[in-house]
Amino acid sequence: MTDSEKLDLLLVGMEGMQGDIAALKNGQKEIRKDVKKLTQKVEDTYQIALEAWGLSIENRAQLTT
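This one's a predicted model, so the numbers in the text were calculated from it and none came from an experiment. (Residues numbered from 1 in each chain as written. Predicted model: local features only at pLDDT ≥ 70, side-chain atom pairs only at ≥ 80, totals over all residues. Heavy atoms only, no water.)

Asks: Describe the overall build of the protein, with residues and values.
Replies: Secondary structure summary: the protein contains one helix and zero strands in total. Relative to a compact globule of 65 residues, whose C-alpha radius of gyration would be 11 Å, the protein shows 28 Å and is clearly more extended. Every one of the 65 residues in the protein was classed for burial, and the buried ones make up 0%. (Helix = DSSP H or I, 4+ residues; strand = E, 2+ residues; numbered from the N terminus. Rg over C-alpha atoms; globule rule 2.2 N^0.38 Å. Buried < 20%, exposed > 50% of the residue type's maximum accessible area, 1.4 Å probe, protein only.)

Asks: Before we move on, can you summarise the pattern of salt bridges with the specific residues and values?
Replies: Tallied over the entire structure, the rule returns one salt bridge. A salt bridge links Lys33 to Glu30; the shortest N-O distance between them is 3.6 Å. Of the two residues, Lys33 and Glu30 both sit in helix H1 (residues 3–64), three residues apart, roughly one turn of that helix. Of the residues examined, Lys33 reaches a relative accessible area of 48% and is grouped as partly exposed. (Salt bridge = Lys/Arg side-chain N within 4 Å of Asp/Glu carboxyl O.)

Asks: Tell me about a nonpolar patch on the surface, residues and numbers included.
Replies: On the surface, a cluster of nonpolar side chains totalling about 440 Å² of accessible area is made up of Tyr46, Leu50, Trp53 and Ile57. With respect to the helices, strands and loops of the structure, Leu50 is situated in helix H1. (Patch = residues over 30% accessible without salt bridge, like charges linked within 9 Å, V, L, I, M, F, W, Y side chains within 5 Å. Areas by Shrake-Rupley, 256 points an atom, 1.4 Å probe, with all protein chains shown as cover.)

Asks: Could you give an account of the environment of Gln40, with specific residues and numbers?
Replies: With respect to the helices, strands and loops of the structure, Gln40 is situated in helix H1. In this structure the side chain of Gln40 is engaged in a polar contact, spanning 2.8 Å, whose partner is the side chain of Asp44. (Polar contact = N/O pair within 3.5 Å; in protein donor to acceptor, adjacent residues only side chain to side chain.)

Asks: Before we move on, can you summarise a positive patch on the surface with the specific residues and values?
Replies: On the surface, a cluster of positive charge is made up of Lys25, Lys29, Arg32 and Lys36. If you trace the backbone, Lys29 turns up in helix H1. (Lys, Arg positive; Asp, Glu negative; His and termini not counted. Charge placed at Lys NZ, Arg CZ, Asp CG, Glu CD.)

Asks: Got a sec to walk through the environment of Asp8? Specific residues and values, please.
Replies: Summarising the element assignment, Asp8 is placed in helix H1. Spatially, the C-alpha atoms of Asp8 and Ala22 are 21 Å apart, while their sequence positions differ by 14 residues.

Function-wise, these values are silent; they only describe arrangement.
In structure tokens form, the structure reads like this:
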């Protein structure tokens, strides 16, 4: 195998890795979007639970008075 052929193989390998890196970056972006959506859903659920707890405390206070 000549030096030129070896360099060609290296270049092909590097181009393949660059494509893989680009795909990973795109995947990371999608994961970040999903994490943001999930975080918002968790925050919304927490707020609903907090409001329900507050209402149950108020109801209990009204029942005991």
